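Observations on chain architecture
Given next are the chains, with one letter for each unit.
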Amino acid sequence: MIMHHFPVLLETATDLLLGNGGKLYVDCTVGAGGHTRRILEKNPQAYVIGIDRDPQALKLAEENLREFEGRFSLYHANFVHLDEVLLQEGVEQVDGFLFDLGMSMMQLKSARGFSFQRDEFLDMRMDPSDPITAYHVVNRYSQRDLERILREYGEEPYASRIARAIVLRRKEKPIETTGELVQIVLSVVPYRRGRIHPATRVFQAIRIEVNGELRNLKEALPKTLKFLRKGGRLVVISFHSLEDRIVKNFFKEHSHEIKPLTKKPITPSREEIEKNPPSRSAKLRAGEKV
Ligand SMILES: C[S@@+](CC[C@H](N)C(=O)[O-])C[C@H]1O[C@@H](n2cnc3c(N)ncnc32)[C@H](O)[C@@H]1O
């Protein structure tokens, strides 16, 4: 398998998912196929329906899962439409759903404007057929909306300054690239050595807005309950405190339908974080349908 992405909490997530001895699982964020591959290896009876909104990810998954042909199907879709995908598959009940949120290493390295470390067009769409790009957000949103996004999704303490600087700059000419955006951030936020780069939160916030990440998660989680059989499992790995809050509240609000298998969220070991630093913010929560 070509490693485009190190699957996070791989053993914990797949053990929890497969712990009910089921056969049919849905990987809602199949990515490069890392978790799906492990599911298929660990349970020779398993069949996986893999969903991803990024066609490039699906190509990788296809390559990486070739040896398991006949035991998986892949769908280009937003997981918010998981009910439609399952309808197409003719499936009414499943043994488990996995969500491994956020973006993959492959996406971060692709030339789609996800990284502030290279100068690329401000795109940031996981699905290139989606209508809104980062360019649109940066150049068309009002100062007030920009500030709100930076504050809410980026938890950015300098949200107001950055939003003002963006609006001032775009009056001169449109802001087209990641490099230009980084320069604007650096012009108003001090860069302290040893701290995270000041553009980190800004990029995260804009990416969340462009891809509607929180809205999708909030809408998709309740849909899983319609398909989970009794004893079916839901495993969610999140990378952002707002995502984790959505997952936590979901389990709380539906406690009569799904009982938590994790009292507190599970986080990666020190060893895993050393091997794969982006895993450091991961939080896993899981539950079982009652
Ligand atoms: C962290 S990666 C998953 C990596 C995968 N578990 C692996 O081991 O290779 C997250 C993936 O979720 C996809 N994704 C994010 N939001 C999505 C959504 N709403 N619908 C479908 N896929 C989504 C991204 O395109 C990305 O490929």
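Each chain carries its own residue numbering, running from 1 in the direction its sequence is written. Only residues with pLDDT of at least 70 get local features here, since the model is predicted, and only at 80 or more are side-chain atom pairs given and counted; chain-wide, interface and lining totals rely on the full set of residues. By convention in this description, side-chain values take in all heavy atoms of the structure and omit both hydrogens and water.

With an unreviewed UniProt entry as reference, the protein chain is termed Ribosomal RNA small subunit methyltransferase H, source organism Thermocrinis albus. UniProt positions are given in the numbering used here, feature names are shortened, and annotations may be inferred rather than shown by experiment. The heading Sequence similarities (unreviewed entry) in the UniProt record of the protein chain holds the text "Belongs to the methyltransferase superfamily. RsmH family." The record held by UniProt for the protein chain lists under Catalytic activity (unreviewed entry) the comment "cytidine(1402) in 16S rRNA + S-adenosyl-L-methionine = N(4)-methylcytidine(1402) in 16S rRNA + S-adenosyl-L-homocysteine + H(+)".

Okay, the domain arrangement of the protein chain next. Each domain's extent is set by a domain assignment, obtained either automatically or from a database. What the domain assignment reports for the protein chain is domain 1 (10-106 + 213-289) and domain 2 (111-211). On a C-alpha basis, the centres of domain 1 and domain 2 stand 29 Å from each other. In this complex, domain 1 contributes 14 residues to the contact, which on the side of domain 2 involves 13 residues. As used here, buried area is the combined drop in accessible area, with a 1.4 Å probe, of two parts when they are placed together. For the pair domain 1 and domain 2, the two sides together bury roughly 1,300 Å², of which 48% comes from carbon and sulfur. One speaks of a salt bridge when a side-chain nitrogen belonging to Lys or Arg is within 4 Å of a carboxyl oxygen belonging to Asp or Glu. Joining domain 1 to domain 2, the criterion identifies three salt bridges. With its nearest N and O atoms 2.9 Å apart, the salt bridge here joins R207 to E213. Counting of polar contacts relies on pairs of N or O atoms within 3.5 Å, with two restrictions inside protein: one atom must be capable of donating a hydrogen and the other of accepting it, and residues adjacent in sequence are counted only when both atoms are side-chain atoms. Where domain 1 touches domain 2, the interface holds 11 residue pairs in polar contact (both at pLDDT 80 or more). When contributions to the side of domain 1 that touches domain 2 are tallied by element, the ones reaching two or more residues are α3 (55-64), α11 (213-227) and α12 (241-253). Contacts are assigned to residue pairs that have any heavy atoms within 4.5 Å of one another. In this description a helix means any DSSP run of H or I spanning at least four residues, a strand means any run of E spanning at least two, and both kinds are numbered starting from the N terminus.

Once that is clear, we can look at the site of the ligand. When we say a residue is near a molecule or strand, we mean one of its heavy atoms is within 4 Å of it. Around the ligand, the structure places 25 residues, and the nearest of them are H35, D52, F79, D100 and Q107. In this structure, D100 approaches the ligand through a side-chain N or O atom, which is 2.7 Å from a nitrogen atom. Surface exposure here means Shrake-Rupley accessible area, sampled with a 1.4 Å probe, where a residue is shielded only by the protein chains that are shown. In the complex, 98% of the free accessible area of the ligand, which totals 600 Å², lies under the protein chains.

To continue, consider the pattern of salt bridges. Here the structure, examined in full by the defined rule, presents 19 salt bridges. A single network of salt bridges, built from pairs that share partners, joins E11, D15, R37, R38, E41, K42 and E67.

To sort residues, take the accessible area from a 1.4 Å probe on protein chains only and compare it with the maximum for the residue type: under 20% means buried, over 50% means exposed, and anything in between is partly exposed. Those residues of helix α1 (residues 10-18) that fall on the buried side of the exposure criterion are L10, A13, T14, L16, L17 and L18. Turning to α1, the residues buried within the fold contact β1 (24-27), α2 (34-42), β4 (94-100), β5 (228-238) and β7 (283-289).

Here we take up the packing of aromatic side chains. Here is the rule: rings of Phe, Tyr and Trp (six-membered ring for Trp) pair when centre to centre is within 6.5 Å. Planes less than 30 degrees apart are stacked, more than 60 are edge-to-face, and the remainder are tilted. In this structure the tally under the stated criterion is four aromatic pairs. Ring centres of F79 and F99 lie 5.0 Å apart, and the angle between their planes is 80°; on these two criteria the pair is classed as edge-to-face. One end of the pair, F79, is in the loop between β3 (72-76) and α4 (82-89); the other, F99, is in strand β4, and 20 residues separate them in sequence. Across the pair, F99 and F79 agree in class, each one buried.

Let us now look at helix α8 (residues 159-172). Working rule for helices: expected span equals 1.5 Å times residues minus one. Between its first and last C-alpha, α8 extends 21 Å over 14 residues, near the 20 Å set by a 1.5 Å rise per residue. Buried residues of α8: A159, I162, A163, A165, I166, V167 and R170, and no others. The elements touched by buried residues of α8 are α6 (134-140), α7 (143-154), α9 (178-188) and α10 (199-210).

As a further point, take the environment of I266. Looking at where I266 falls in the secondary structure, it is placed in the loop between β6 (258-260) and α13 (270-275). Accessibility expressed as a relative area gives 28% for I266, which makes it partly exposed. Between the alpha carbons of I266 and T12 there is a distance of 8.6 Å; along the sequence they are 254 residues apart. What I266 contacts, discounting residues up to four positions off in sequence, is L9, T12, L16, A282, K283 and L284.

Take the nonpolar core next. Side-chain atoms within 4.5 Å link the members of a nonpolar core, which is a set of buried Ala, Val, Leu, Ile, Met, Phe, Trp, Tyr and Cys residues. Core analysis: the largest hydrophobic core is formed by 63 residues, its most contacted members being F97, F99 and L234. It is α10 that provides the largest number of residues to this core, a total of seven residues. With 23 residues, the next largest nonpolar core counts V30, I39, F68 and A286 among its residues.

We now examine the packing of α1 against α2. Comment: axis = line fitted to C-alpha atoms, over the contacting stretch for helices; angle = value between 0 and 180 degrees taken between N-to-C directions. Between α1 and α2, the shortest axis-to-axis distance is 10 Å and the interhelical angle comes to 55°. In this view, α1 runs oblique relative to α2, as classed from their interaxial angle. Here α1 runs over α2; the crossing is right-handed. Residue-level contacts link L10, E11, A13, T14, D15, L17 and L18 of α1 to G34, H35, R38, I39 and K42 of α2. Note that the term roughly parallel is reserved for angles under 35 degrees, roughly antiparallel for angles over 145, roughly perpendicular for angles of 65 to 115, and oblique for everything else. Crossing handedness follows the turn of the near helix against the far one: under a right angle anticlockwise gives a left-handed crossing, and clockwise gives a right-handed one.

What follows covers the pairing of strand β2 (residues 47-52). Judged by how many residues are buried, β2 sits mostly within the fold: five of six residues are covered. When β1 meets β2, the two strands line up parallel, connected through four bridges. Looking at the pairing, V26 lines up with I49 of β2. Note on handedness: a clockwise path from strand one over the helix to strand two, with the strands aimed away from the viewer, defines a right-handed crossover. Remark: the β1/α2/β2 crossover connection has right-handed handedness. With five bridges joining them, β2 and β3 adopt parallel strand pairing. In the strand pairing of β3, G50 is matched with L74. In terms of handedness, the path from β2 via α3 over to β3 forms a crossover that is right-handed. At least two bridges found by DSSP between two strands is the condition for calling them paired.

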